[in-house]
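# Structure at a glance
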Amino acid sequence: MRIGVITFPGSLDDVDAARAVRLAGGEPVALWHGDHDLKDVDAVVLPGGFSYGDYLRAGAIAARSPLMQDVVAAAHGGLPVLGICNGFQVLCEAGLLPGALTRNSHLHFRNRDQLLRVERADTAWTSDYAEGQQILIPVKNGEGRYVAADADLDRLEGENRVVFRYVEGNPNGSSRDIAGVTSANGRVVGLMPHPEHAVEDLTGPSTDGLGFFTSVLKAVVSA
Amino acid sequence: MSIDTVDVAAQNPDDEQPWAELGLKADEYARIREILGRRPTTAELAMYSVMWSEHCSYKSSKVHLRRFGDLPASDALLVGIGENAGVVDVGEGYAVTFKVESHNHPSYVEPYQGAATGVGGIVRDILTMGARPIAVMDSLRFGRADAPDTARVLPGVVAGVGGYGNCLGLPNVGGELLFDECYTGNPLVNALCVGVMKHEDVHLAKAEGAGNKVILFGARTGGDGIGGVSVLASETFDAEGPAKRPAVQVGDPFTEKLLIEACLELFAQDLVTGIQDLGGAGLSCATSELASAGTGGMHVDLETVPLRDSTLTPAEILMSESQERMCAIVEPGKVEQFLAVCRKWDVRAAVIGEVTDGDRLTVDWHGERIVDVPPRTVAHEGPVYERPMERPADLDALQADDPARLPRPTTPAELQAHWLAVVSSPDGADKSWVTEQYDRYVRGNTVLAQPEDAGVLRIDEQSNLGIALSLDGNARFARLDPYTGTRLNLAEAYRNVAATGATPLAVTNCLNFGSPENPEVMWQFAEAVRGLADGCRELGLPVTGGNVSLYNQTGDVAINPTPVIGVLGVHEDVRARIPSGWRNAGETVLLLGETRPEFGGSAWASVVHGHLGGRPPVVDLAAERSLAELLAALGRDGLVGSAHDLADGGLAQALTESALRYGTGARLALGDDAFTALFSESAARVVVTTTEPDRVRNVAAAAGVPVTDLGTTGGEALVLDGVLALPLAELRAAWSATLPALFGGPEHSTVFTVPAGTVPTS
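Residues numbered from 1 in each chain as written. Chains lettered and ligands numbered in written order. Predicted model: local features only at pLDDT ≥ 70, side-chain atom pairs only at ≥ 80, totals over all residues.

## Some details on the overall build of chain A
Helix and strand counts for chain A come out as 5 helices and 11 strands. With the principal axes as the frame, chain A shows a C-alpha extent of 40 × 35 × 35 Å. Here chain A holds 223 residues, and the buried ones make up 61% of them. Summarising the internal contacts of chain A: among those between residues at least 6 apart in sequence, 75% fall at separations of at least 24. (Helix = DSSP H or I, 4+ residues; strand = E, 2+ residues; numbered from the N terminus. Buried ≥ 20, exposed ≤ 12 C-beta atoms within 10 Å, placed from the backbone. Contact = placed C-beta atoms within 7 Å.)

## Considering the overall build of chain B
Of the regular secondary structure elements, chain B holds 26 helices and 28 strands. A globule of 762 residues ought to have a C-alpha radius of gyration of about 27 Å, and chain B, at 27 Å, matches this closely. Dimensions of chain B, computed from the C-alpha atoms along their principal axes, are close to 90 × 55 × 50 Å. Buried residues in chain B amount to 62% of all 762 residues. Sequence-distant contacts in chain B: of pairs separated by 6 or more residues, those separated by 24 or more amount to 84%. (Rg over C-alpha atoms; globule rule 2.2 N^0.38 Å.)

## Considering the interface of chain A and chain B
With 24 residues of chain A at the contact, the number on the chain B side is 26 residues. Those elements that provide at least two residues to the side of chain A that touches chain B are helix H1 (14-24), strand S6 (110-118) and strand S7 (134-141) of chain A. The residue makeup of the side of chain A that touches chain B, split by class, is 8 nonpolar, 10 polar and 6 charged. (Nonpolar A, V, L, I, M, F, W, Y, C, P; charged D, E, K, R; others polar.)

## What to know about unusual backbone geometry
Going from Gln-450 of chain B to Pro-451 of chain B, the amide bond is cis rather than trans, its omega being 10 degrees. Relative to the helices and strands, Pro-451 of chain B is located in the loop between strand S14 (446-448) and strand S15 (455-458). Positive phi, close to 55 degrees, is recorded for Cys-85 of chain A, a residue that is not glycine. Mapped onto the secondary structure, Cys-85 of chain A falls in the loop between strand S4 (81-84) and helix H3 (86-93). Of note, Asn-464 of chain B is a non-glycine position whose phi angle comes to about 65 degrees, a positive value. Relative to the assigned elements, Asn-464 of chain B resides in the loop between S15 and strand S16 (466-472).

## Quick notes on the domain arrangement of chain B
According to the domain assignment, chain B consists of domain 1 (12-52 + 207-379) and domain 2 (408-424 + 578-762). The centre of domain 1 of chain B, based on its C-alpha atoms, is set 52 Å off from the matching centre of domain 2 of chain B. (Domains from an automatic or database assignment.)

## Quick word on the sheet that holds strand S1 (residues 2-7) of chain A
Residues and elements named next belong to chain A. In space, the 9 strands of this open sheet follow the order S2-S1-S3-S4-S11-S10-S9-S6-S7, with mixed pairing throughout. Bordering the open sheet on either side are strand S2 (27-32) and S7, each of which pairs with just one other strand. The mean inter-strand angle of the sheet, taken between neighbouring strand axes irrespective of direction, is 25 degrees. (Pairing = 2+ DSSP bridges. Axes fitted to C-alpha atoms, helices over the stretch in contact; angles between N-to-C directions.)

## With respect to H1 of chain A
All names here are of chain A. In terms of residue burial, H1 counts as a mostly covered element, since 9 of its 11 residues are buried. Residues of H1 that are buried: Asp-14, Val-15, Asp-16, Ala-17, Ala-18, Arg-19, Ala-20, Val-21 and Ala-24. Gly-25 occupies a position one or two residues after H1 and carries a positive phi of about 105 degrees.

## Digging into the sheet that holds strand S4 (residues 132-142) of chain B
All names here are of chain B. Judged by pairing direction, the sheet is mixed, and its 6 strands sit side by side in the order S1-S2-S3-S6-S4-S5 without closing on themselves. Each edge of the open sheet is held by one strand with a lone partner, namely strand S1 (77-79) and strand S5 (172-179). On average, each strand axis in the sheet is inclined to that of its neighbour by 25 degrees, with strand direction left out of account. Across the sheet, helix H8 (residues 148-168) touches S4, S5 and strand S6 (188-198), and the angle it forms with S4 is around 175 degrees.

## Remarks on the confidence of the model for chain B
Residue and element names in this part refer to chain B. Confidence in the prediction of chain B, expressed as mean pLDDT, is 93, and 95% of residues score 70 or more. Counting interchain partners and residues more than four positions distant, the pLDDT-below-50 stretch residues 228-245 has 32 contacts. A low-confidence stretch, residues 746-762 stays under pLDDT 50, and its non-local contacts, those more than four residues away or across chains, total 34 contacts. (pLDDT = per-residue confidence, 0-100.)

## Side note on the packing of helix H7 (residues 111-128) of chain B against helix H10 (residues 253-268) of chain B
Residue and element names in this part refer to chain B. Interaxial distance between H7 and H10 falls to 11 Å at its minimum, and their mutual angle equals 5 degrees. Our classification of the angle between H7 and H10 gives roughly parallel. Counted together, Gly-120, Val-123 and Leu-127 of H7 and Pro-253, Glu-256, Ile-260 and Cys-263 of H10 form the full contact between these two elements. Here the contact of H7 with H10 is built from residues that sort into 5 nonpolar, 1 polar and 1 charged. (Parallel < 35°, antiparallel > 145°, perpendicular 65-115°, else oblique.)

## Re the pairing of strand S11 (residues 349-356) of chain B
Consecutive side chains along a regular strand alternate between the two faces of the sheet. Residues and elements named next belong to chain B. Pairing analysis gives 5 bridges linking strand S7 (residues 213-218) to S11, with the strands arranged antiparallel. In the sheet register, Val-214 faces S11, and the bridge partner there is Gly-353. Sheet analysis places strand S9 (residues 297-301) next to S11, joined by 4 bridges and oriented antiparallel. Among the inter-strand pairings, Val-300 is bridged to a residue of S11, identified as Gly-353.

The following block contains the structure:
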């Protein structure tokens, strides 16, 4: 199972995402932002980091890179895509997910171990979790406050497209404690916290993040 | 604008030059004239003035730093003092390079950019050695936590350290944050970076091979960071000229991230013969150091340097400290490949010159020669001073002011109040407000990070080889006795690394002192260096390099001598690391090491009595060594569940941190003198928890380390049998409220206050 991990200029957690794919049993495939080449991967991860230094708006420049045009087209065709942190920002800027990520309400970068509630256990990236399950994974961002117009938030919740919510404290002031959302077909998921940092007991606060990567391996088989 | 060429200088030998304004002394200027056999050109004067500055030349400290070179040869040391950073063999073919540098004055002027570019500079030093940077740490000092200017400086510094390091993708795995009045007008920002490479990948800053090209790559050169030259610059100002530039550089971590990836790819493809980063003194430093270390000379055509500001003069270009730039020596046949790698990473690169036969560094500006110097005289043969030294006049009185006279708590309620006061003081309090602004997870190899005793990183995913790092610099001890205080800082960093189960391997340092022109400061400096050298000799560790920061003072008042010592250790299997927090109830709490009534320079004396006096604790490096070997054995055999070093705040601080980490209390018996047990700062002590106390006692007895049984973990309070019970909730409230209350944040809480009358205020 080949899972692509895109490196943009300024991507940082690409090595971590590739490691998580490997630990889950997949084959990580390095993808380069400047190529029009998805290398026949079965799913794509947009990793965390500061693509283009967060200049203009976080994720805005990366969303217009050559490879993202291919990702957008493939996602419309059902390719599973996961955006983590900066990757989530890129997906919102690319129009694959609704809403926007803005400066944390307290204006600081914040890194802490965060409890999340799984609201949807039927997306391509969350089937190995149970609905209502709480997972502990790191969050670390300066621009992670999820915002959208109230009507849009109502619609998102009405369509059951909130995948994760922060519990026991909202680390960045996100509207309605939203930590992650999904596309209408449940194939594209974006979230601010970092599941790839919770895949080994040695280095993470838990191994709760591994489920994202085991889930997608099954989603690819069943697709 | 007329250019001051070598010919013009020769023909006009008597032109007035602003050497004094550039910081040169009369005899130094005379020596430059003697070296060149004429007056220097404007550009040459600029180069000499920055390269002969204290910062670049180490002219006051050099005679003392030679002590480090006299240490016995170490098998572990692959590259020693003199290169950008020392390199140490950590086994399995891996080499580790690490170094600390100060960015104190820029951080006071412009906290965010000063701190950010401090991180950027040390990261480039590590990169220059051929290594991938893998983590950073920061050691910070500010004035009183409640001083108005601390509220200006601290948030900016923390945001700058975080902003730059986070954007580079380097985990911040530890450091220090301490407060003292003496830093009010002169905060300290010391940043450490550590990198890893294979032995064969070590690169050096040398220009070799006539005909090889000199390539400048990274950011374009602008007018930032031209501090000392403002006078020189004004000389050439005219009505249309640029305004004076800020002396503090502005960082762009995104460009540095690209520079890192580009450099590592250049190294991997073997496209680089020699490499040097551009830091202090910019191109002046990089070109003269590369040429000086090589066998030939170098020629540079300065108009080929890519500029952000086309109005810069040649002297300004030579002195600019614009960030995120590197200089490489490349064989002509590899230039195309080199430029292609730079293009891939969107890194600007330009061939600006070449290595030449002969022994001159020459620089042309549009075909006219503006620099023609022997590079060694610029880079390596600057002035050296034997500054006068004198033991501080107040030291006898200070050392005689024994803390034994200070009132001690007489009731359990007072004892508890003192405990809470120490752990809720800005030095003792929870540092999450700061460390949450740092990414500690990126790259996925962080095994332990703040608030652990040391940062621990995995460097090989197959073998689980790892390293541990700690930075420590207690300035109260160094003020009372710089020789002993420096040895204590070395001992503490060594112990912190050992407490994780690692074997200490090598030492670096950042020596922050006042003005070397003050004989008392110079004496403190010499004593600190002597202490560190003697300590390293006794512990059998090499000093791999370091950094000296002088002139840290406000007016005539110097900071307390602040030697920050870094120790690197190795974990053969990082899975055996020992954390500092208590996870489980029912483990036996043991104190390893001996407690004596030592309160000189202690946190208790400082926090409760505002007192600094007496003698610092006794240093016993043989005991530290036995303790370290014991901890390594305990870790290897999995005999302990936790280990926490005892230092500032003594056992009271260590118990608090271990208990609050995972919310596990303990029931303890501290004997007849609970006060001494809690607040003494005797060195060579660690508190451990274990499910196998008998085995630990046996191993410790064999190692000659005294063991004291303190009690058992469990419950939701720290209970001292028959004395007091401190609920963890109350302890946590006191410990964690301090920094958010001082520096703000979304979750404001009230500062814990000591009940009136329980803490003497004398």
